[in-house]
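# Residue-level structural notes
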Amino acid sequence: MSVRPLEIDDRRAVLDQLRGRIDALQGGPSRLSVPVPSVLEGLARLRTGGVYAVDSASLAMVLASGASAAGDWVGFVGWDDFGVEAAAQLGIALGRTVLVPTPGEHWLEVVAALVDVLRIVVLRPAGRIDPRSASVVQARLRSRDAVLLVHGERGTQGAWPQADATFSATEVAWDGVGRGSGRLHGQRARVVVREVGRPNSREIVLPYAAR
Amino acid sequence: MSARILVVWCPDWSVTAALMERAETGAPVERGAPAAVLSANRVVVCNGPARAEGVRRGQRRRDAQARCPDLLLLAAGPERDARWFEDVLIAVEEVRPGVSPIRPGLLAVPAPGRYHGGEEAAAALLAEELVGAGVWDCRFGIADDLFAAERAARAADAQGCVVVPRGASAQFVGDLPITVLADDGPDGQRLADLLHRLGLNRLREFAAFGAGEVSNRFGSYGVEIQRRVRGSTTRLAGPRTPPPELACEIGFEPALDSAEAVTFSVRTTAERFVAVLADRQLVATAVRIEAEFEDLAPDGRGISARTWLHPGCFTSRDLVDRVHWQLQAGTPGSGLRSRKEAGAVTAPITRVRFVPDTVEAAGDHADGLWGGGAEEQVLRGVARVQAMVGYDAVRVPVLQGGRGAGDRQAWVAWGERPTDLRPTDPPWPGRIPGPAPTRVFATPLRAEVVDERGRGVTVTERGVVTGAPYRCRAGFPGRSGWWAIAAWAGPWPVDEGWWHAEGAPGRSARFQVVGTDGSAWLLCWRESGWEVEAEYE
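Residues numbered from 1 in each chain as written. Chains lettered and ligands numbered in written order. Predicted model: local features only at pLDDT ≥ 70, side-chain atom pairs only at ≥ 80, totals over all residues. Heavy atoms only, no water.

### Remarks on empty space enclosed by the protein
Keep this limit in mind: Cavities and pockets are defined on a 1 Å grid built over the protein atoms alone: a cavity is a set of grid points where a 1.4 Å probe fits but cannot escape, while a pocket is an open set with protein on both sides within 12 Å along at least five of seven lines, and lining residues are those with an atom within 4 Å of any such point. Grid points are joined across faces, edges and corners, and a volume is the space filled by probe spheres set on the points. Gly counts as polar in this scheme, as do all residues outside two lists: the nonpolar Ala, Val, Leu, Ile, Met, Phe, Trp, Tyr, Cys and Pro, and the charged Asp, Glu, Lys and Arg.
Scanning all chains against the criterion turns up 4 cavities of 30 Å³ or more. Roughly 100 Å³ of volume is contained in the largest cavity. In terms of lining, the largest cavity is formed by 15 residues, of which the most central are E85(A), R408(B), I432(B), A436(B) and P437(B). Residues of the lining of the largest cavity, tallied by class, amount to 8 nonpolar, 3 polar and 4 charged.

Have a look at this one:
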């Protein structure tokens, strides 16, 4: 195999190319990127085999909606308070959604089985996850084309020991509500992405479909 | 020597079938109570007790009820009649093969001659068999031809038999009054009326007409009747082929008392069931699983039956899973199977039976040439999860109509078809517009809302809020204590369910509340107090 010189145009592109090359040499599945909705384009990236921490339910739904709209199946595990209407408004195709509200002690097996067949699994763990279970799931993810989003309460560090990236919604503001007047029209938030390297952030309006 | 014909007639079959179905669903059924089957507001069929009260065929519902106030009204169901008559056909087939069903309530079978000790003895045997199957009113007629045998059955008493001797059919039919033709429906009714007005009283007199004249004047129906009356026709509908037995069952001796043991033992039966269907190029999409168990009560046995649906089609493995879920359903915590639980069942199981409920052509469910699509893989993967955590633990979210956040959604068990959902199309006045909450609590949390001076906020009957919400407190896990309200909207008042006698939710009003910390909530005020229904997160 001949090694061609790399075209150096951007540091990130170089890293991507190198990663792709390592994957190809290792023989594992290349890490494909999973579509994200247009509001998060250029800010958040999801790659198959990755684990990402999210601290807001609506942001988790938005992240999952890209793949769902593209025709993939998504699953929500441990969401015993899943808001169906909000999910539909945020662009998740309910016909391609699997919900396991209370997996209980079986959460590890459920997640492992679902990442086999779904594109995105959004897990809300009951407590902190021990590194051994995490490594089991991560090994499984690497051999499949799936993404795991871990939803934790705001402010907590995240239940997953080492996530590829952390998405958090900060400076959340609600439009349209006055003091006894108006109604909720929309939600704005500054989405902060913490990856390896410098944190990246942008203010977005959550894409609730007009109803 | 031609074979003679035995006709079995179950009078007012529609009523009998409807009552049998009612009895199966557990509704109280009193034999001998007046009942009638209605279609389009008119009586189609009524039973003997109803007729004794003056109810007649063709009567309007109102008139029938006026004559007999405690008349039990039943909806017409031709499929139901046919379905329940199947049991009668099987019962008769047990005794005498070659059954030809004529219509629900009426069947013909070759008379057995001397085999059962004579024709009347055979009829008595059949009567015993049918009463055993729950059909009390069955009447038998035996004659050389079908028409005479049917007339003979109509002349018999309940569970009785009328035998027309060999060669005496024409004689027997000739003695019948003209009015019996009215049983043949509107055509017969018209002919009977006309012949009556012509001054004819007995069918014999009709037989004396010339065939040409009858054909000219009364058409094909008249000719047919005349041929029958003369005894020159021997019509017998072709005997039916009994439907193939697709149900499979397995008995356990001694009875098994652990679900694991049962599921292990039914595996081969499930494989056989799928294979039998596959031989006929069929697959099952709905299967009824019946498990018989030894009842601890002195009277013996009980049965647990449930119909399971499958989003694709059943494989033997799926069936085994269903058996497990069904047996586990009786024990507490059925949704989630604990690892430690030994899988005990409520009572020892003696028999498991698979009955196909809906079958479809295998071609419609076959894998594509290049293997199953993504959909197939998902179905299989999710079935694996279901096998792990239980049938009810895997859900599909669906939308439905309603006002509260919790009312507007439903989670349907994976594989079930959603039923009884409220439609989303009509406007639901009082529902909250705009973005929906992302977290909807299954059981709303109790909350407390006070105004600036610390007085509890309520909503009056006219929908006026007594004070501006200022602080709120609710029993969130890990977040207790008061938090300040930055903005609020509402109320959206609703007065629901007052039309139900009890358990009405009553008056309520919803509020959207934004806290100073950036959290947003859907609060609901009820007469019983405040609740947190959902969170916008």
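Back to the text.
### Points about the interface of chain B and chain A
For clarity, the threshold we go by: Only heavy atoms matter for contacts: two residues are in contact if any of them lie within 4.5 Å across the pair. By definition, the buried area sums, over both parts, the 1.4 Å-probe accessible area that each loses when the two are put together. Here, a salt bridge means any side-chain nitrogen of Lys or Arg that lies within 4 Å of a carboxyl oxygen of Asp or Glu. Pairs of N or O atoms within 3.5 Å make up the polar contacts considered here, provided that, within protein, one atom can donate a hydrogen while the other can accept it, and that residues adjacent in sequence are counted only when both atoms are side-chain atoms. A run of H or I in DSSP becomes a helix once it reaches four residues, and a run of E becomes a strand once it reaches two; helices and strands are each numbered from the N terminus.
Listed per partner, the contact involves 52 residues of chain B and 53 residues of chain A. Across the chain B/chain A interface, buried area totals approximately 4400 Å², and carbon plus sulfur atoms make up 59% of it. Seen at the junction of chain B and chain A, the total is 3 salt bridges. A salt bridge links R384(B) to D116(A), with the nearest nitrogen and oxygen atoms 3.0 Å apart. Applying the counting rule to chain B against chain A returns 20 residue pairs in polar contact (both at pLDDT 80 or more). Counting residues per element, the ones that place at least two in the side of chain B that touches chain A are helix 13 (374-389), strand 13 (395-399), strand 14 (409-413), strand 15 (439-450), strand 17 (483-496) and strand 18 (506-515) of chain B. Here the side of chain B that touches chain A gets 9 residues from one element, more than from any other, and that element is helix 13 of chain B. Among the residues making up the side of chain B that touches chain A, the classes are represented as 32 nonpolar, 10 polar and 10 charged.

### Observations concerning the nonpolar core
Residues and elements named next belong to chain A. This is how the line gets drawn: Joining through side-chain atoms within 4.5 Å is the link that ties buried Ala, Val, Leu, Ile, Met, Phe, Trp, Tyr and Cys residues into a set, and such a set is a nonpolar core. For each residue, the accessible area found with a 1.4 Å probe, counting protein chains only, is set against the maximum for its type, and the residue is called buried under 20%, exposed over 50%, and partly exposed in between.
Within the largest apolar cluster, 56 residues are counted, with the highest numbers of intra-cluster contacts made by L40, L46, F76 and I120. Tallying contributions element by element places helix 2 (residues 57-69) first for this core, with 8 residues. Setting aside residues no more than four positions away along its own chain, I120 makes contact with V34, L46, L63, A64, A67, W73, V74, G75, V147 and L149.

### Structural notes on the packing of helix 4 (residues 78-95) of chain B against helix 5 (residues 119-132) of chain B
All names here are of chain B. Defined as follows: Interaxial angles span 0 to 180 degrees and are taken between N-to-C directions of axes, which are lines fitted to C-alpha atoms, for helices over the stretch in contact. With respect to orientation, any angle under 35 degrees is reported as roughly parallel, any angle over 145 as roughly antiparallel, any angle of 65 to 115 as roughly perpendicular, and every other angle as oblique. When the near helix sits turned anticlockwise from the far one by under a right angle, the crossing is termed left-handed; a clockwise turn instead gives a right-handed crossing.
At a closest axis distance of 9 Å, the pairing of helix 4 and helix 5 adopts a crossing angle of 140 degrees. Taken together, the axes of helix 4 and helix 5 lie oblique to each other. For the crossing formed where helix 4 meets helix 5, the hand is right-handed. In contact with V88, A91, V92, E94 and V95 of helix 4, helix 5 contributes L125, L126, E129 and L130. When the residues that make up the contact of helix 4 with helix 5 are grouped by side-chain class, the tally is 7 nonpolar, no polar and 2 charged.

### Considerations on the packing of helix 11 (residues 259-279) of chain B against helix 12 (residues 316-328) of chain B
Residue and element names in this part refer to chain B. As a packed pair, helix 11 and helix 12 sit with axes 8 Å apart at the nearest point and diverge in direction by 145 degrees. The crossing of helix 11 and helix 12 is right-handed. Contact residues: helix 11 offers A259, E260, V262, T263, V266, R267, A270, E271, F273 and V274, while helix 12 offers S316, L319, V320, V323, H324, L327 and Q328. Class assignment of the residues belonging to the contact of helix 11 with helix 12 gives a composition of 10 nonpolar, 4 polar and 3 charged.

### Digging into the pattern of salt bridges
The full count for this structure, using the stated rule, is 33 salt bridges over all chains. A salt bridge links E171(A) to R190(A); the nearest nitrogen and oxygen atoms lie 3.6 Å apart. You can see E171(A) sitting in strand 8 (residues 165-177) and its partner R190(A) sitting in strand 9 (residues 182-194), a full 19 residues away along the chain. The exposure class of E171(A) is exposed, given its relative accessible area of 54%. R526(B) is paired through a salt bridge with E533(B); the nearest N and O atoms lie 3.6 Å apart. Judged by its relative accessible area of 16%, R526(B) is buried. Judged by relative accessible area, E533(B) falls into the buried class, the value being 8%. Beyond isolated ion pairs, a larger network of salt bridges with shared partners links D80(A), D81(A), R124(A), R439(B) and E537(B).

### What about the sheet that holds strand 4 (residues 72-75) of chain B?
All names here are of chain B. Applicable threshold: The criterion for strand pairing is that DSSP finds at least two bridges linking the strands in question.
Pairing within the open sheet is mixed, and its 3 strands lie in the order 3-2-4. Among the strands making up the open sheet, the edge pair consists of strand 3 (42-46) and strand 4. Looking at each pair of strands side by side, their axes are set apart by 40 degrees on average, direction ignored. Along the sheet face, helix 1 (residues 13-25) touches strand 2 (35-39), strand 3 and strand 4 and points at about 95 degrees away from the line of strand 4.

### So, the state of the cysteines
Residue and element names in this part refer to chain B. Short version of the rule: Any two cysteine sulfur atoms within 2.5 Å of one another count as a disulfide.
Counted according to the given criterion, the structure contains 0 disulfides over all chains. Of the cysteine sulfurs around C46, a residue in no disulfide, the closest is that of C68, at 9.6 Å. Overall, the relative accessible area of 5% leaves C46 in the buried class.

### Some thoughts on the packing of aromatic side chains
What counts here: Classification of ring pairs rests on two measures: the distance between centres of Phe, Tyr or Trp rings, Trp counted by its six-membered ring, which must be within 6.5 Å, and the angle between planes, read as stacked under 30 degrees, edge-to-face over 60 and tilted in between. Two conditions define a charge located above a ring, namely a distance within 6 Å from the ring centre to NZ of Lys or CZ of Arg, and an angle within 35 degrees of the ring normal.
All chains considered together, the criterion is met by 16 aromatic pairs over all chains. For the pair W79(A) and F82(A), a centre-to-centre distance of 6.0 Å together with 70 degrees between the ring planes defines the contact as edge-to-face. F82(A) carries the same exposure label as W79(A), and that label is buried. One aromatic cluster is present, formed by F76(A), W79(A) and F82(A) through successive ring pairs. The ring of W79(A) is capped by R124(A), whose NZ or CZ atom sits 4.4 Å from the centre of that ring. The ring centre of W9(B) lies 4.6 Å from the NZ or CZ of R154(B), which sits over that ring.

### Some details on helix 10 (residues 211-230) of chain B
All names here are of chain B. Let me state the cut-off plainly: The length a helix should cover is 1.5 Å for every residue beyond the first. In this scheme, the bend at a residue equals the angle between the axes fitted to the seven residues that finish there and the seven that begin there.
Compared with the 28 Å implied by 1.5 Å per residue over 20 residues, the 11 Å span of helix 10 between its first and last C-alpha is markedly short. Maximal helix bending in helix 10 amounts to about 135 degrees, located at F218. Residues of helix 10 that are buried include every one of V214, F218, G222, I225, Q226, R228 and V229, and no others. Among the structural elements, helix 6 (146-155), helix 7 (169-174), helix 8 (186-197) and helix 9 (203-207) are those in contact with the buried residues of helix 10.

### Remarks on the pairing of strand 4 (residues 74-77) of chain A
Residues and elements named next belong to chain A. For the record, the criterion: Here, the term right-handed applies to a crossover whose path from the first strand over the helix to the second runs clockwise when the strands point away from the viewer.
The two faces of strand 4 match: V74 and F76 on one face and G75 and V77 on the other face are all buried. Note that strand 4 and strand 5 (residues 97-100) share 4 bridges and pair parallel. Bridge assignment links V77 to a residue of strand 5, and that residue is V100. Where the polypeptide runs from strand 4 across helix 3 (residues 84-89) and back to strand 5, its parallel neighbour, the crossover connection is right-handed. Here 4 bridges tie strand 4 to strand 6 (residues 120-123), and the two strands are oriented parallel to one another. Of the residues in strand 6, the one forming a bridge with V74 is I120.

### Structural notes on helix 5 of chain B
All names here are of chain B. The cut-off we apply is this: Arc definition: directions from the helix axis to the C-beta atoms.
Spanning 14 residues, helix 5 covers 20 Å between terminal C-alpha atoms, matching the ideal 20 Å at 1.5 Å per step. Buried within helix 5 are the following residues: E119, A122, A123, L126, A127 and L130. Each buried residue of helix 5 lies within a common arc of 145 degrees when the element is viewed along its axis, so the set occupies one face. The outward face of helix 5, more than 90 degrees from its buried face, is lined by the exposed residues E128 and G132. At its buried positions, helix 5 is contacted by strand 1 (5-9), helix 4, strand 7 (139-143) and strand 8 (161-163). Just downstream of helix 5 lies G134, where phi reads positive at about 95 degrees.

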